[in-house]
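Coordinate analysis (summary)
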Amino acid sequence: MKKGIKRTVIIILIIAVLLGVYAFYVFTTYYRLPDKLTLEVKRNGENSYFDEDFTVKPGEAYFIMTYNIGFGAYRKDYSFFMDGGKSSWAKDEESLMAAVCGMGDIINTVKPDFILLQEVDVDGTRSYHVNELELMNQFVRGYYYVYAQDYDSPFLFFPPWEPHGANESGLVTYSREEITGSMRRSLPISESFSKLVDLDRCFFVSRIPVENGRQLCIYNVHTSAYGGSDEIRQAQLTMLYEDMKADFEKGNYVICGGDFNHNLKTGAQENAPEWAYPFPRELIPDGFRMAIDEAKHEEDIAHNTCRSAETPYDEASTYTVTLDGFIVSDNVRINYYQNMDWGYEFSDHDPVLMQFILE
């Protein structure tokens with residue numbers, strides 16, 4: 001009996017030491033990128049479909065799309081452990097690549113002038129180390145583009161049945177017109193343990209010259225979903241708005257798009273989960289407005305842009321909400337706005353398409 005107790009104590013001590021070593025590894029390898037980081041602008045080949053003399057001009061109409069691609073994992077049969085579901089990784093590499101190619105084909109078919117993507121993995125356990133940016137670039141050709149990292153985790157051993165692993169992911173902005181400069185801003189995040197799954201939230205602005213000498217400032221954003229408090233959410237939007245206002249006050253045109261992780265539609269939703277917070281419209285600064293409010297027809301925004309990933313998607317029962325969209329400055333006119341309905345075939349999000357005109 002004494003030997004049995006001794007063995008049990010030794011096992012407990014070994015487990016405690018291993019957990020301590022792992023905790024030390026996780027917290028010592030945790031880092032955040034510096035704020036106000038200048039980003040590299042690249043160009044992805046050429047596209048004969050495009051006019052090489054393309055110039056952004058006031059009075060002309062342009063299309064912009066935002067799409068959270070969900071690291072290629074969220075097919076209709078997928079549920080995510082952080083939402084109360086089952087899986088941590090994509091089903092398999094084949095399914096993941098098919099999803100990214102499917103979303104790339106949608107973009108290539110629509111051919112918007114500007115594209116904002118979120119949750120693009122460039123190397124990850126959960127995505128079988130597929131570089132999704134390189135894969136997407138096979139479809140989105142001829143564009144200038146900028147990548148901004150917003151997630152680079154140490155190896156996470158939860159959930160125990162399928163450890164989430166180490167993953168690097170980010171936001172991508174594509175533009176037909178040359179991007180002359182781009183800067184990444186580090187958003188405030190929680191300092192609790194939840195920061196390990198909300199690693200390095202950011203937004204970044206890409207500056208595009210306009211024929212009249214001003215700039216089109218396109219902001220790509222993905223605010224916190226997990227572990228966010230009212231204070232954190234407000235602090236993130238406050239930082240974002242400060243930069244947007246500064247650009248607008250200089251006479252520039254401002255479009256901010258992405259996944260806001262807030263319900264962008266007005267009016268209370270029945271049976272809304274805790275994470276589907278109403279967007280705090282009262283915080284939108286003067287000179288800016290929510291673009292979804294100017295959709296020409298109700299049916300254009302009837303479809304919601306995000307589905308709950310607690311269970312596989314079921315059209316009749318799965319909760320859906322509009323988290324994705326655009327905020328624009330008052331010198332940007334909305335000509336067309338649509339929540340595109342792809343039935344969440346490739347991601348837990350569907351894209352939003354907007355046509356705008358610079359005043």
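Residues numbered from 1 in each chain as written. Predicted model: local features only at pLDDT ≥ 70, side-chain atom pairs only at ≥ 80, totals over all residues. Heavy atoms only, no water.

1. Brief notes about the pattern of salt bridges
Put simply, the rule reads: For this analysis, a salt bridge means a side-chain nitrogen from Lys or Arg found within 4 Å of a carboxyl oxygen belonging to Asp or Glu. Between buried and exposed lies partly exposed: a residue is buried under 20% and exposed over 50% of the maximum accessible area for its type, with that area taken using a 1.4 Å probe on protein chains only.
A complete count under the given rule lists 14 salt bridges for this structure. The shortest N-O distance in the salt bridge between Asp 121 and Arg 126 comes to 2.8 Å. Assigned by exposure class, Asp 121 and Arg 126 land together as buried. When the shortest N-O distance is used, the salt bridge between Arg 289 and Glu 294 registers 2.3 Å.

2. Comments concerning the sheet that holds strand 6 (residues 167-175)
For clarity, the threshold we go by: In this analysis, strands are considered paired if DSSP registers two or more bridges between them. Only DSSP runs of H or I reaching four residues or more are called helices, and only runs of E reaching two or more are called strands; each is numbered from the N terminus. Angular values range over 0 to 180 degrees, each being the angle between N-to-C directions of two axes fitted as lines to C-alpha atoms, with helices fitted over their stretch in contact. Should any heavy atoms of two residues lie within 4.5 Å, those residues are considered in contact.
Read across the open sheet, the seven strands follow the order 2-5-6-4-3-16-15; overall the sheet is mixed. The sheet terminates laterally at strand 2 (41-43) and strand 15 (332-339), the two strands that pair on one side only. Ignoring which end each strand starts from, the neighbouring axes of this sheet average 30 degrees apart. Bridge count for strand 2 against strand 5 (residues 144-152) is three bridges, and the pairing is antiparallel. Its bridge partner being in strand 5, Lys 42 is matched across the sheet by Tyr 145. Lying over the sheet, helix 2 (residues 93-110) contacts strand 3 (61-68), strand 4 (114-124) and strand 16 (352-358), oriented at roughly 175 degrees with respect to strand 3.

3. Brief notes about the sheet that holds strand 1 (residues 37-38)
Spatial ordering of the open sheet is given by 1-7-8-9-10-14-11, a layout of seven strands whose pairing is mixed. Of all the strands in the sheet, just strand 1 and strand 11 (288-290) have a single pairing partner and so form its edges. Strand direction decides the pairing type here: strand 10 (residues 253-259) and strand 14 (residues 324-329), joined by five bridges, are antiparallel. Across the sheet, Cys 256 pairs through a bridge with Ile 327, a residue of strand 14.

4. So, the nonpolar core
Definition in use: Take the buried residues of types Ala, Val, Leu, Ile, Met, Phe, Trp, Tyr and Cys, join any two whose side-chain atoms come within 4.5 Å, and each joined set is a nonpolar core.
Residues Leu 216, Tyr 337, Met 354 and Phe 356 are the most contacted members of the largest nonpolar core, which totals 53 residues. Apart from residues no more than four positions distant in its own chain, Phe 356 is found in contact with Glu 60, Ala 61, Tyr 62, Phe 63, Ile 64, Phe 114, Leu 216, Ile 255, Val 332, Arg 333 and Asn 335. Of all hydrophobic cores here, the second largest spans 36 residues; its members include Ala 73, Val 122, Phe 139 and Ala 309.

5. Quick look at a nonpolar patch on the surface
Condition: The patches reported here contain residues having more than 30% relative accessible area and no salt bridge. Joining distances are 9 Å for like charges and 5 Å for nonpolar side chains (Val, Leu, Ile, Met, Phe, Trp, Tyr). Per-residue accessibility takes into account occlusion by the displayed protein chains alone, with areas from the Shrake-Rupley method and a 1.4 Å probe.
Where nonpolar side chains cluster on the molecular surface, the patch consists of Ile 5, Val 9 and Leu 13 and spans about 270 Å² of accessible area. Note on placement: Val 9 falls in helix 1 (residues 2-29).

6. Digging into the side chain of Gln 149
Looking at the secondary structure, you find Gln 149 in strand 5. Judged by relative accessible area, which is 11%, Gln 149 ranks as buried. Apart from the residues within four sequence positions on either side, Gln 149 is in contact with Tyr 31, Leu 33, Glu 168, Ser 169, Gly 170, Arg 184, Asp 200 and Cys 202.

Everything listed here is a matter of coordinates, which is why it stays silent on function.
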